[in-house]
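# Working through the structure, step by step
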Amino acid sequence: MEKRFAVTFLLFLPLLSVSCVSNPKTTVSWCVLSDAEEQKCLDLAGNATARNVRGSLLCVRGLNTRDCMEKIKNGTADAASMFADDVYAAGLCHGLEVAAGESHNGIDGISYYVVAMARRSSSDLSLLEMHERSSCHPGIRTTVGWTVPIGYLVNTSQISVGEQCNFPKAVGNFFGYSCVPGVKDPLHDPRGNNPKNLCEACIGDENDRHICANNHRERHYGEAGALRCVAENLGDVAFVKHTTVFDNLDGKNQESWALDLELEDLKLLCPDGTEAGLDEYLRCHLSAVPANGVVVRMEDKCRVWKYLERLQNVFGNATKGFSLFSSAGYGQSNLLFSDATHHLQRVLGSYTSWLGPSYTTILQAFECEDVELALSELEKKLCKHFQRVEIKGKRGRKVPVLLTPDMVSSMELLVQNRRNCDVLDENPYMFGRPQTLNHFRGLDIIRKMAQSCGAKHPGALSSTKLRKHMATMSKVLNLKDNEMDDLADFLGHDIRVHRQYYKLPEGTFQLAKISKVLLALERGQLSNFKGRNLDEISIDPQGPSQKKRLKWSQEEIQAVEKTLMDCIDSGTVPGKAQWRYPRKRALLQKANENTTIQRGLPTQPLLQTPPATSHLHLTACHNSMAMALHNTTPAPATNCNSTDATEPAANPLHVMREPAPLLNPIGTPPHQDPPREGGPGTFTPGQMAGAPPGLKAGDGHRAMRID
């Protein structure tokens, strides 16, 4: 009995996301975009209250559709009616859903079909061979004239937009002379770089002005204008609605071009390369475009639908008084809902189920543009910094791996030298073993490195424990439920109940957001972001900005050699400095500060006056070298081996075995090495870090950088 109950529970588990649960909130906040729409919303709220419709309606003003998406996401608004393109962007970029959709025909949610129309006399024309053909579009960024036809061409690999995601440039390179009204408008072409050939089939108004304008002053603007473009033989193909030709025949359009048009003059071009008659649009179309949808948060799908259902029952078919699907009397059309709406229907599935497979595929071609809108500047930088690959994990599970530029360079170097390492060409693995078809196991490598690095507990250094540590440390962040799921999924952990909201594409999400947690953990900065979610974490993938270290110039090398050549030739370390001369001590400090500032080093000077008990001693030779680096007159060269405290010798730098605490880069006294053989007057092999060629660092001494 218990087993049967468990199986039944699992079968009904997917339905829990769409079932209605008790929600104490009774007010629905609706996002509106204009004065007229706001007025209709207020009238609806007042009439609903007067008719005792359970619940209440609050009208929230949005700046634009994107602003409404943000308001719904952050809870300032609950719902808004949006076009199909915006529904896709809301689901993809903001994780929103659709509670209801419009039905115009009373049967389904399809609004219209987008078709490719051509003259019947064009016998050699095919949608699969449109390169350098002329095209007529109703307008830039319109569903009929841009989104659907360009998406189709991208999905059929006829157009490639590249990494720049520049659609106008790609379209201009593909088509010949065309007419895309608005393509040169500042709104769509702020830099003026869009191709000019996309306006060459436009004709403007009767006075040849306003050519390619994004309004009716351009006579080829809109669906009727695109049809006219083909009818007048200025374009090979027009992208229009399936109803466009019927709306302009039989005297419905009194312009001369329409009066001369016959149904027999035109044909449809099908996506498979064939042709069809104008009445065969059900099988010969580029895409079926869904009607508007009501966008909401996932948790509000049921609540908003229930309220809309009550409103529809009262005002949906009203012939008197307020009508839900009529905008008469407000000075604009299609307010809150399309005026052509027959009824609202509930959407149980995801937003993609409302959009339909063909239209969703079309919109996926523009995913790079939608992702750009969804990412912050930092997240765009992270996407460019990291590269993402997938490898096969346990039980066939895909495991994403984020690679830094250094990792990519190292891997490319390994590939270039595979043959030199006796790795067989037939070996398919990245880290292949020599003379075999096997590979090095990451587990073995991590275990070996953990044992050889000197860790007190090498067993604690494993990939499994690292994932657990990351999961534990992520608790300090204010991650949302879906963000925690995404992080756990990336780490390969099993979460019993997944709350998989629709979000950014998986690869982009991991590059832009999950990588923040990885970088913070790697740098030991995760605790700095306590209480923040993924959107609020800001971390530069290239680390804090640092000034680039300058190389030694030839003049600097010559100045050092001139002053220290005796020391360089003899291979000896200069003698002790005499700090009891206040004037010499002050000059040395000043020279050191100038060196620090001019060379672009940190503000804390590398050389500081040590306490009385310190064993850091400098000679006047360093003073001479520092002055030479700054083109000042150096002190007379003297014997660098001199240790006489009274002699003003020009000695560069000497650091005793017990360095001053200020020299430790992390601000704590360094480990004190025991005395070694070979006193302070000798060098051992090894180039001094940052020094000019020829200068050596002693084995028993701490090398100090001057650059």
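Because the structure is a prediction, the values reported are computed rather than measured.

## Focus: the overall build of the protein
Along the backbone of the protein there are 22 helices and 16 strands. The burial tally for the protein puts 44% of its 707 residues in the buried class. Pairs at least 24 apart in sequence give 66% of the contacts found in the protein among residues at least 6 apart. For the protein, the computed accessible surface area is about 38500 Å², with 52% contributed by carbon and sulfur atoms.

## Side note on the state of the cysteines
The final tally for this structure, using the stated rule, is 6 disulfides. Shown here is the disulfide that connects C31 with C68, its sulfur atoms set 2.0 Å apart. Around the S-S axis, the bridge from C31 to C68 shows a dihedral of about -75° and counts as left-handed. On the criterion of sequence distance, the pair formed by C31 in strand 1 (residues 27-32) and C68 in helix 3 (residues 65-74) is long-range, its members being 37 residues apart. No difference in accessibility class separates C31 from C68, as the two residues are buried. Disulfide partner of C199: C212, at an S-S distance of 2.0 Å. Of note, the bridge from C199 to C212 carries an S-S torsion of about -65° and is left-handed in sense. Taken together, the residues C199 in the loop between helix 6 (167-174) and helix 7 (222-231) and C212 in the loop between helix 6 and helix 7 connect sequence positions 13 residues apart.

## Some thoughts on the nonpolar core
Counting residues in hydrophobic clusters, the biggest one holds 63 residues, and the most contacted among them are I150 and L355. Once you skip the residues sitting within four places of it in the chain, I150 turns out to touch H137, F167, V171, F175 and F366. Counting residues in hydrophobic clusters, the runner-up holds 27 residues, among them L44, A79, A100 and F337.

## Quick notes on unusual backbone geometry
Here H210, not a glycine, exhibits a phi torsion of approximately 60°, which is positive. Tracing the backbone through its elements, the reader meets H210 in the loop between helix 6 and helix 7. With a phi angle near 55°, N334 is a residue other than glycine that sits in the positive phi range. Within the element layout of this structure, N334 appears in the loop between helix 10 (301-315) and strand 12 (343-346).

## Observations regarding a nonpolar patch on the surface
On the surface, L414, F431, F440, I445 and M449 cluster together into a nonpolar patch covering about 460 Å² of accessible area. Inspection of the secondary structure assignment puts I445 in helix 16 (residues 442-452). Take I445: its relative accessible area is 39%, and that puts it in the partly exposed class.

## Structural notes on the packing of helix 2 (residues 35-50) against helix 10
Look at helix 2 against helix 10: their axes get within 11 Å of each other, and the N-to-C directions meet at 80°. One way to sum up the angle between helix 2 and helix 10 is to call them roughly perpendicular. The residues of helix 10 that touch helix 2, namely those facing L44, N47 and A48, are Y307, L311 and F315. For the contact of helix 2 with helix 10, the per-class residue count stands at 5 nonpolar, 1 polar and no charged.

## A short note on helix 20 (residues 554-570)
Side chains that are three or four residues apart share a direction in an α-helix, a result of its 3.6 residues per turn. Over its 17 residues, helix 20 extends 22 Å from the first C-alpha to the last, a length consistent with the 24 Å expected when each residue adds 1.5 Å. Those residues of helix 20 that sit buried are E556, I557, A559, V560, T563, L564 and C567. Where helix 20 ends, the next residue or the one after it, G571, has phi of about 65°, a positive value.

## A closer look at the pairing of strand 4 (residues 97-103)
Burial analysis of strand 4 places 7 of its 7 residues in the buried class, the great majority of the element. Here strand 4 pairs with strand 11 (residues 293-296) via 4 bridges, running antiparallel. Bridging from a neighbouring strand, V98 pairs with V295 of strand 11. With 4 bridges connecting them, strand 4 and strand 12 associate as antiparallel partners. Paired with A100 across the strands is R346, a residue of strand 12.

## Concerning the packing of aromatic side chains
Overall, the coordinates contain 7 aromatic pairs when judged by the stated rule. For the pair F325 and F337, a centre-to-centre distance of 5.8 Å together with 80° between the ring planes defines the contact as edge-to-face. In this pair, F325 sits in the loop between helix 10 and strand 12 while F337 sits in the loop between helix 10 and strand 12, placing the two residues 12 residues apart along the sequence. As far as burial versus exposure is concerned, F325 and F337 are alike and both buried.

## Topic: a negative patch on the surface
Taken together, the side chains of D260, E262, E264 and D265 define an acidic patch exposed on the protein surface. Mapped onto the elements of the fold, D260 is located in the loop between helix 9 (256-259) and strand 8 (266-269).

## Quick look at the side chain of S29
Mapped onto the secondary structure, S29 falls in strand 1. Other than its neighbours up to four places away in sequence, S29 contacts L58, V60, T76, A77, D78 and A79.

## Remarks on the pattern of salt bridges
Throughout the structure, instances matching the rule amount to 19 salt bridges. A salt bridge links R303 to D78, with the nearest nitrogen and oxygen atoms 3.4 Å apart. Of this pair, R303 sits in helix 10 while D78 sits in the loop between helix 3 and strand 3 (79-82), and the two are 225 residues apart along the sequence. By relative accessible area, which is 0% here, D78 ends up buried.

## Section: the confidence of the model for the protein
Per-residue confidence for the protein averages 76 on the pLDDT scale, and 70% of its residues sit at or above 70. Of the regions scoring below 50 in pLDDT, residues 577-587 engages in 24 contacts with residues more than four places distant in sequence or in other chains. Residue range residues 595-707 is modelled with pLDDT below 50. Its contacts to residues more than four positions away, or to other chains, number 219 contacts.

## Focus on the environment of A100
In this structure, A100 sits in strand 4. Apart from residues no more than four positions distant in its own chain, A100 is found in contact with G293, V294, W305, L308, Q345, R346 and V347.

Quick notes on the rules
- Residues numbered from 1 in each chain as written.
- Predicted model: local features only at pLDDT ≥ 70, side-chain atom pairs only at ≥ 80, totals over all residues.
- Heavy atoms only, no water.
- Helix = DSSP H or I, 4+ residues; strand = E, 2+ residues; numbered from the N terminus.
- Buried < 20%, exposed > 50% of the residue type's maximum accessible area, 1.4 Å probe, protein only.
- Contact = heavy atoms within 4.5 Å.
- Areas by Shrake-Rupley, 256 points an atom, 1.4 Å probe, with all protein chains shown as cover.
- Disulfide = S-S within 2.5 Å.
- Core = buried A, V, L, I, M, F, W, Y, C linked by side-chain atoms within 4.5 Å.
- Patch = residues over 30% accessible without salt bridge, like charges linked within 9 Å, V, L, I, M, F, W, Y side chains within 5 Å.
- Salt bridge = Lys/Arg side-chain N within 4 Å of Asp/Glu carboxyl O.
- Axes fitted to C-alpha atoms, helices over the stretch in contact; angles between N-to-C directions.
- Parallel < 35°, antiparallel > 145°, perpendicular 65-115°, else oblique.
- Nonpolar A, V, L, I, M, F, W, Y, C, P; charged D, E, K, R; others polar.
- Expected span 1.5 Å × (residues − 1).
- Pairing = 2+ DSSP bridges.
- Phe/Tyr/Trp six-rings, centres within 6.5 Å; stacked < 30°, edge-to-face > 60°.
- Lys, Arg positive; Asp, Glu negative; His and termini not counted.
- Charge placed at Lys NZ, Arg CZ, Asp CG, Glu CD.
- pLDDT = per-residue confidence, 0-100.

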